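Per-entry structural report
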Amino acid sequence: MSTPNDHTPVPKAAATPARTAISAACTAAGYIAVSLLASATAGAADTVWESLFPPAAAVAVCWAGYRWNRERREQQRRESELRALMTMASHDLKSPLATATAHLEMLRQDHAEGLGDDAGQQLSGMERALGRINRLVEDLLCYAAAEQAPMDLRPVALSDLIADVIADHAGDGSCVTVDGPSPSVVADPELLRHVLDNLIGNAIKYTPTGVRARVVVAVRAASGGALRVEVADRGIGIPEADRPKVFDAFHRSANSGAYRGTGLGLAICRRIVERHGGRIGVDENPGGGSRFWFTLPQPAPSGPAAPAMAATASAAVK
Ligand code: ADP
């Protein structure tokens, strides 16, 4: 049981007659109840912590809480400014990039005959560099959209979606199979497609050159009525130390230097999965390779959508 000054969090539901009596005695002795409020959604605050303090300590705790809150808001403001700046810069870069790419193409077409080997190689280098910048800009915009775009939640036939994504990768010379049937899920179809496309695309990409990529997609039931989607490959694998970090923006694992990438794809996936109220992770695939997984909480059959999946409208990551 918490005493008046051990400051142990007291969940509201845990109120017992003994605790109520202690609380009344402390209040009579001049102790002040201090609550920590947190809001999971804008405009709604829940009590997450409550304790009794002597007056001087209560003032100190309130002052510390006030300062912490002020700093947190300031940090949120700076982060949102940075995000807006990044999105604006990425948008603004798109047009000059497209112009530069178009000029290079014209140069190639108009002077195809006169270009020597050296000039041709230099043009190829410029094209590759522009391609990389273009991919980075697209990924940055996608990263911002994965957080901000309103969600359009509706029933999605997961098996059709998986089949579609696999068909998109059919030309990669890979072998992607589905293990077992896939039920319908409630999700944003465009966002979910993006996650599947990224995981399957990575599974193929991170397979050594000359080796046929073998990927297995499976959907299983997870605890609490959630669904767990797994994408397993026999590729280069991810060193254990890198596994928790590959979902951070721009993190590329130590063994992936030979493969092109921006290090943003999995960070985008994590944002999307978390916006659906799920979790994403990666394990070693027994026998070699990686096994990526993510969960999708599902609303109770007759009930409303799960809280984390509630507020919706329409749009998607492009
Ligand atoms: P990108 O592929 O553009 O670098 P991602 O965010 O998709 O960015 O992936 C982050 C890193 O995780 C990759 O750079 C790579 O090191 C590692 N990775 C992702 N998927 C796989 C996979 N299937 N097998 C091995 N490594 C992977």
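Residues numbered from 1 in each chain as written. Predicted model: local features only at pLDDT ≥ 70, side-chain atom pairs only at ≥ 80, totals over all residues. Heavy atoms only, no water.

Scanning the entire structure with this criterion turns up 15 salt bridges. D152 is paired through a salt bridge with R154; the nearest N and O atoms lie 2.5 Å apart. According to the relative accessible area criterion, R154 is partly exposed, its value standing at 41%. The salt bridge involving D168 is made with R193; its shortest N-O contact spans 2.5 Å. With D168 in helix α4 (residues 158-168) and R193 in helix α5 (residues 189-205), the pair connects residues that are 25 residues apart, well separated along the chain. Judged by its relative accessible area of 51%, D168 is exposed. Connected through shared salt-bridge partners, E74, R77, R78 and E81 make up one network. (Salt bridge = Lys/Arg side-chain N within 4 Å of Asp/Glu carboxyl O. Buried < 20%, exposed > 50% of the residue type's maximum accessible area, 1.4 Å probe, protein only. Helix = DSSP H or I, 4+ residues; strand = E, 2+ residues; numbered from the N terminus.)

Looking now at the site of the ligand. Around the ligand lies a shell of 22 residues, among which N202, Y206, R252, S253 and L266 are the nearest. G263 places a main-chain nitrogen or oxygen 3.1 Å from an oxygen atom of the ligand. Expressed as a share of its isolated accessible area of 530 Å², the protein-covered part of the ligand is 98%. Listed by contribution, the elements that provide at least two residues to the shell around the ligand are α5, α6 (265-275) and β9 (290-296). Element by element, the count of residues in the shell around the ligand is highest for α5, at 4 residues. For the shell around the ligand, a count of residues per class yields 8 nonpolar, 11 polar and 3 charged. (Near = heavy atom within 4 Å. Polar contact = N/O pair within 3.5 Å; in protein donor to acceptor, adjacent residues only side chain to side chain. Areas by Shrake-Rupley, 256 points an atom, 1.4 Å probe, with all protein chains shown as cover. Nonpolar A, V, L, I, M, F, W, Y, C, P; charged D, E, K, R; others polar.)

A separate point is α6. Among the 11 residues in α6, 8 count as buried, and that is most of the element. Within α6, the full set of buried residues consists of G265, L266, A267, I268, C269, R271, I272 and V273.

Before going further, it helps to examine the state of the cysteines. Within the structure shown, the criterion is met by 0 disulfides. No disulfide involves C142; its sulfur sits 8.8 Å from the nearest other cysteine sulfur, which is in C269. (Disulfide = S-S within 2.5 Å.)

This paragraph deals with the confidence of the model for the chain. Of the residues in the chain, 86% have a pLDDT of 70 or more, and the chain-wide mean is 85. Counting interchain partners and residues more than four positions distant, the pLDDT-below-50 stretch residues 1-11 has 24 contacts. Here residues 303-318 is a poorly scored stretch, pLDDT under 50, and it has 31 contacts once near neighbours within four places are set aside; other chains count. (pLDDT = per-residue confidence, 0-100. Contact = heavy atoms within 4.5 Å.)

For the pair helix α2 (residues 55-110) and helix α3 (residues 117-148), the least separation of the axes is 9 Å and the interaxial angle reads 150 degrees. Accordingly, the angle class assigned to the pair α2 and α3 is roughly antiparallel. Here α2 and α3 pass one another in a crossing that is left-handed. Counted by class, the contact of α2 with α3 contains 15 nonpolar, 8 polar and 6 charged residues. (Axes fitted to C-alpha atoms, helices over the stretch in contact; angles between N-to-C directions. Parallel < 35°, antiparallel > 145°, perpendicular 65-115°, else oblique. Left-handed = near helix turned anticlockwise from the far one by under 90°.)

Once that is clear, we can look at a nonpolar patch on the surface. On the surface, L82, L85 and M88 cluster together to form a nonpolar patch covering roughly 330 Å² of accessible area. Structurally, L82 can be placed in helix α2. (Patch = residues over 30% accessible without salt bridge, like charges linked within 9 Å, V, L, I, M, F, W, Y side chains within 5 Å.)

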